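# Chains, contacts and geometry: an overview
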Amino acid sequence: MLEIEIDGQKVEVAPGSTVMQAAQRIGKHIPHFCYHKKLSIAANCRMCLVEVEKMPKAVPACATPVAADMKVHTGSEKAVKAQRAVMEFLLINHPLDCPICDQGGECQLQDIAVGYGGGESRYREEKRVVFNKKLGPLINTDMTRCIHCSRCVRFGQEIAGVMELGIAHRGEHAEVMAFVDRSVDSELSGNAIDLCPVGALTSKPFRFGARTWELVRRPSVSPHDSLGANLQVQVKHDRVMRVLPLENEAINECWLSDKDRFSYEGLYAADRLTRPQIKHDGEWHEVDWQTALDYVVRTLGDIRKEYGADAIGALLSPHSTLEELHLAQKLVRGLRSENIDSRLRQNDFSADGRRTGTPWLGLPLAALSTLDAALVVGSFLRKDHPLMAQRLRQAQRAGAKICRVNAVADDWLIPLSAEVIAAPDRLAASLAAVLAALAEQTGQAVAASCQAAVAGITVDEAARGVAAALLNGERRAVLLGNLAVQHPNASSLQVLAAEIARLAGASFGFLGEAANTVGAALAGAQPSKGGRNAAAMLREPRKAYVLLGVEPEFDCADGVAARAALMQAASVIHLGSFVGSAAEYADVLLPIAPFTETSGSFVNAEGRLQSFSAVVPPLGDARPGWKLLRVLGNLLGLPGFEQESSEAVRAEALGEGDLATCLDNGLDGVQARLDAPAQGLQRIAEVPIHFADPLARRAPALQKTQDAAVPQARIHPETLTGLGVADGEVVRLRGSGEVKLVARVDVGVPVGCVRVAAAHPASLALGPMSAELSVERA
Amino acid sequence: MSEHKLILADLDGDRSWRLADYAQRRGYEALKKIVAEKIAPDDIIATLKTANLRGRGGAGFPTGLKWSFMPKAYTGPKYVVCNSDEGEPGTFKDRDILRYNPHAVIEGMIIAGYTMGCVAGYNYIHGEIFEVYERFEAALDEARAAGLLGRNILGSDFSFELFAHHGYGAYVCGEETGLLESLEGKKGQPRFKPPFPASFGLYGKPTTINNTETFASVPFILRMGGETFLNLGKPNNGGTKIFSVSGHVNRPGNYEVQLGTPFAELLEMAGGMRGGRRLKAVIPGGSSAPVLSGELMMELTMDYDAIAKAGSMLGSGAVIVMDETTCMVKALERLSYFYFEESCGQCTPCREGTGWLYRMMRRLEHGEGRAEDLDLLDNVAENIMGRTICALGDAAAMPVRGFLKHYRDEFAYHIEHKRCLVPVELQREGSRIYVRQD
């Protein structure tokens, strides 16, 4: 440690730290614009100039390394003179449009100008004008306000992994812009808005919505991906106006994915459910809660009486809160049905009953950033887990080797050390080859559960490369993504991946499908012995369905089957925040509050329980899901529905003891097996980032992004030629139904596969996510 | 007194750039001796230190000292880079060195590579002198064919590659770290220092960057010995220096003279003042050096210390001579325009300040000056100085402060009378296209 003195105050800092870091340690503010703790040092704004004794010139605190016995003066005449000079330069070409600027009130330039600017400008020449740029549906530009701090540029290069913004031209003509005719399409793009210290980049959806000082800030937790990003929801007049990151170094750091940030718009979608409704003679009628609940009690009672409790099935969204999931499963179990599931997109349930605990990430989220090696198996990493991808990107920048075994060669914007890209039916074999290579390289024996899979496997160079990369350093992880979890042979993939992790001395875990996947498992939102899983409930249609926050046609592995099952049911009880197509198949709609209007908890991928309160009151007659379920339990005469608060529900759901002790990725007695070769074209289906849950589907700005574009049928050129189809032609794809989509050449898709996104209206009719498709020219 | 040519000696004819011609001028003797006798790198550095060779690019930093900064224990690749991005208005010496004596630069760079243990060198050549770049490439081919470059140079175990690279004419790429960024294929923007190139240079590896003339001087020093070279000049100002004399003189051009030569003699070598007019002002070291009055210059000798003592700098040795037909306001407006256009825009004081200075100067020159402008100009320039990432900010500010210091009256006259102190007819006379008589 080095001791330096800042304004007479002694501070000890590590060698290699900067004066800025030292100052922050003792809470001393040095004005700055370009400096940001998560970005590289640019030292270009010059606002943080300070005096250091024995140095002839004022030096930038952000870029000056500390030296023993350094004496720094942040407020000396020399320092202040320099700071004032820089402030004046920054302001001469900055428009004086604060009254109409969205950044007004939360503008670093404005704030610092109060302290360091003059009362009147000495600049009397013409001011610079810069034309605005079109950066897409999320970021609004007022480029004349730009002070060229380059934070947005560095963010792209260093955090998002793609340099979508750059500074073109020179000197006063320098302008931040995207590449000619390109927009900013990164799934992390919104962070550039936060980083911009002025009003050059502002939020398009929020634009002119409110002044910052009118907004009340309330903490919350993102209901989307399995990260559980901490949110600061900003509210005016009981309405969510925007969402910003709430800094949490252990989870989202200071970032948010665009989905976390902009999905709030969906809260006020046109089909938001605000009144209980009952369908009567094919017509929907708004009713009061009493009527609606009586109807539900009667219907469930009738069906149970007539067809038995087994005729009732419950499909629960893993984006629901722990409390809702707990009460929902308790209610259905109270009715004596075991048909409960929240693993809606999964296809392989053969591991049920053999798990030794609740599947989770296998290591803390923050540890992803400091890994030395990671193997990601079967994942749309960047779109499914934008901020986990960001952490792995940082790990790679620090020297980690990242590799993958995957069914598509998506650009993760992370330089990969090795990869195996294989068709879905070859994934298990590819993992087996990596496992065999590892056994070869480490001289260890493969466990019995994998021996059959490894027997006779050919170990190629690619597999050896993956194995070697995974052995880099000391901190290693094997991570299973959504593609692997939703794979028809998911349990084998898991057994093989876990064995790879064991031989490599790596941690093993799941990236997690949804905000509360871990929580749902803890809450028992899946069938125990004798119950039907999500697929079985659709395969063997039930008489009545209870839906919690689910749009089954989008959220289930087979939307067509889901829809058919619901349409034939005698009763569908829809608990949700939106109507959607429930209007067609449900007979009662119960409005429950979305995450902003209820208290509740999510358990994220790393097994962290995060509880939150409502940030606004429920819209209309909507009620928190846990309250509704609790009352419904009472009305059904079920025991154990006396909870007075969501905290009480949570306590009951989690029981005694440490949540962490439940987390375990073990599988008992599952044998890995290889898939039989596919006969036809295999479908590879991702869930597009902005179609993954009902809220994101309804966010208008997100729906205008490139990520929400209509899916195309992406096919390897060899396969496409074999089909006699040219790139860009419309093709007819047939699964359980038929759709027409544009075919696109994609060398990142294995031969013999068709990549068609699921959960999108345009591809819905295709049916199962994992299936063989036929493709022909339309 | 006359010129004392080393680098520019015996370059008559159109084949002076060829390897054979250079060899006849004792070229590559120094390198051959070093390689054959395995002369210790420290001895070479010691010779350069004795010679008191100071960087010819503008800053005048002692070359031997700079070479000694390269980490010896570093095991990865190290680089040597030649800065031929000669962009300072008034400077045109490196162009002639590369055009007529490129092998001197090549030899100097190979010796540098040998001395500092570099694997490769790059010569970054200004983008607007493309034919010079092509000639340098041709010279490199000759050197490679002769076994002077590449693997096992002259049969020794010393290997060194040398490449030419041409820029696209941005002034700021002459700033050494801007040059490195540009060489790496990025936007030419100076880096914040520290770290200095000696520890984090090209591609993040230890790198030494010297000016073309500096490298070209090295073989001569090693042949004649440090002491002899030093004695050509003055103490602390060793050797000869090429001055690019331009402006209102009869024979503008490059003149290689011993450091310490009186300015008056240099002016004489350049044929004296055009039309016998009165010498008004001189910018002694390139456009960024503060202007000095003619009277003062006639008293000075041309060396680093004397010019610095007089309040300016020897810089790159670009001597811009202005006679009495020059309007100093117009001259400064033109200079300010240059810096305004050439600022890279990275850091605030330079990006914003150069525009401010130029706009004020344009207003002043066009008769729209205000009384408070002079103090404001000086203050804005002062506010830029010492607060930027690289020296371009200072380079833009120093001329403003120099012109204001020495010619404030002329500026005041402009503001008061809304026209030049020097009558326009006289200005036109002075800027008539001039055809050299010899």
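Here is what the cut-offs are and how they apply
- Residues numbered from 1 in each chain as written.
- Chains lettered and ligands numbered in written order.
- Predicted model: local features only at pLDDT ≥ 70, side-chain atom pairs only at ≥ 80, totals over all residues.
- Heavy atoms only, no water.
- Patch = residues over 30% accessible without salt bridge, like charges linked within 9 Å, V, L, I, M, F, W, Y side chains within 5 Å.
- Areas by Shrake-Rupley, 256 points an atom, 1.4 Å probe, with all protein chains shown as cover.
- Salt bridge = Lys/Arg side-chain N within 4 Å of Asp/Glu carboxyl O.
- Buried < 20%, exposed > 50% of the residue type's maximum accessible area, 1.4 Å probe, protein only.
- Helix = DSSP H or I, 4+ residues; strand = E, 2+ residues; numbered from the N terminus.
- UniProt positions renumbered as here; feature names shortened; annotations may be inferred.
- Core = buried A, V, L, I, M, F, W, Y, C linked by side-chain atoms within 4.5 Å.
- Domains from an automatic or database assignment.
- Contact = heavy atoms within 4.5 Å.
- Pairing = 2+ DSSP bridges.
- Axes fitted to C-alpha atoms, helices over the stretch in contact; angles between N-to-C directions.
- Buried area = accessible area lost by both parts, 1.4 Å probe.
- Polar contact = N/O pair within 3.5 Å; in protein donor to acceptor, adjacent residues only side chain to side chain.
- Nonpolar A, V, L, I, M, F, W, Y, C, P; charged D, E, K, R; others polar.

Our next topic: a nonpolar patch on the surface. A surface patch of nonpolar side chains, amounting to about 270 Å² of accessible area, comprises Phe61, Leu65 and Phe69 of chain B. Given the relative accessible area of 33%, Leu65 of chain B is considered partly exposed.

A word on the pattern of salt bridges. One pass over the structure, following the stated rule, counts 87 salt bridges over all chains. A salt bridge links Asp194 of chain A to Arg261 of chain A; the shortest N-O distance between them is 2.8 Å. Remark: Arg261 of chain A occurs in helix H6 (residues 258-262) and Asp194 of chain A occurs in helix H5 (residues 191-195); sequence separation between them is 67 residues. Take Arg261 of chain A: its relative accessible area is 3%, and that puts it in the buried class. Close ionic contact of Glu295 of chain B with Arg278 of chain B constitutes a salt bridge, the shortest N to O distance being 3.6 Å. One end of the pair, Glu295 of chain B, is in helix H12 (residues 294-297); the other, Arg278 of chain B, is in the loop between helix H11 (263-269) and strand E8 (279-283), and 17 residues separate them in sequence. What makes Arg278 of chain B partly exposed here is its relative accessible area of 44%. Several salt bridges converge on common partners, so that one network encompasses Asp271, Arg345, Glu551, Asp555, Arg697 and Arg698 of chain A.

Per the UniProt entry, the sites bearing "domain: 4Fe-4S His(Cys)3-ligated-type" (unreviewed entry) are residues 78-117 of chain A in this numbering. Helix and strand shares over residues 78-117 of chain A are 60% and 0% respectively, and the end C-alpha atoms of the span are 16 Å apart.

This part covers the UniProt feature "domain: 4Fe-4S Mo/W bis-MGD-type" (unreviewed entry) in chain A. Here the UniProt-annotated "domain: 4Fe-4S Mo/W bis-MGD-type" (unreviewed entry) positions come out as residues 215-271 of chain A. Along residues 215-271 of chain A one finds 9% helix and 35% strand; the C-alpha atoms at either end are 26 Å apart.

Let us now look at the nonpolar core. Residue and element names in this part refer to chain A. In terms of nonpolar packing, the biggest core is built from 60 residues, with Phe155, Val240, Leu361, Leu368, Met388, Leu392 and Leu479 touching the most fellow members. Per-element accounting of this core gives the leading share, 5 residues, to helix H10 (residues 386-397). Residues from two domains meet in this core; each of domain 2 (277-345 + 517-660) and domain 3 (365-510) gives at least three. Ignoring anything within four residues of it in the chain, the contact list for Leu361 reads Leu368, Met388, Leu479, Phe508, Gly509, Phe510, Leu511, Ala605 and Glu606.

Moving on, we come to the side chain of Thr719 of chain A. Secondary-structure assignment places Thr719 of chain A in helix H25 (residues 717-722). Residues within four places of Thr719 of chain A in sequence aside, it is in contact with Leu681, Val751 and Gly752 of chain A.

On to the sheet that holds strand E18 (residues 401-406) of chain A, then. All names here are of chain A. Spatially, 5 strands are ordered E19-E18-E17-E20-E21 in an open sheet, and the strand pairing comes out parallel. Whereas interior strands pair on both sides, the edge strands pair on one side only; in this sheet they are strand E19 (418-421) and strand E21 (507-510). Between one strand axis and the next, the sheet turns by 15° as a mean value, whatever way the strands run. Judged from the 4 bridges that link them, strand E20 (residues 476-480) and E21 form a sheet pairing that is parallel. In the sheet register, Leu479 faces E21, and the bridge partner there is Gly509. Where helix H11 (residues 427-442) meets the sheet, its contacts fall on strand E17 (373-377), E18 and E19, and the angle it forms with E18 comes to roughly 140°.

A separate point is helix H21 (residues 625-635) of chain A. Residues and elements named next belong to chain A. Of all the positions in H21, only Gly625, Trp626, Leu628, Leu629, Arg630, Leu632 and Gly633 are classed as buried. As for H21, its buried residues are in contact with helix H7 (289-307), helix H8 (322-334), strand E23 (571-576), strand E24 (588-591) and helix H22 (646-654). One or two steps after H21, the chain reaches Gly637, where phi turns positive at roughly 75°.

Contact with chain B, which involves 36 residues of that partner, is made by 36 residues of chain A. In total, chain B and chain A occlude about 3000 Å² of area from one another, counting both sides; carbon and sulfur atoms represent 50% of this. In this assembly, chain B and chain A are joined by 8 salt bridges. The shortest N-O distance in the salt bridge between Glu342 of chain B and Arg170 of chain A comes to 3.2 Å. Across the chain B-chain A interface, the total number found is 22 residue pairs in polar contact (both at pLDDT 80 or more). Elements supplying a minimum of two residues to the side of chain B that touches chain A: helix H14 (328-342), helix H15 (348-365) and helix H16 (373-384) of chain B. A total of 11 residues in the side of chain B that touches chain A trace back to one element, the largest contributor, which is H15 of chain B. For the side of chain B that touches chain A, the class distribution of residues is 13 nonpolar, 10 polar and 13 charged.

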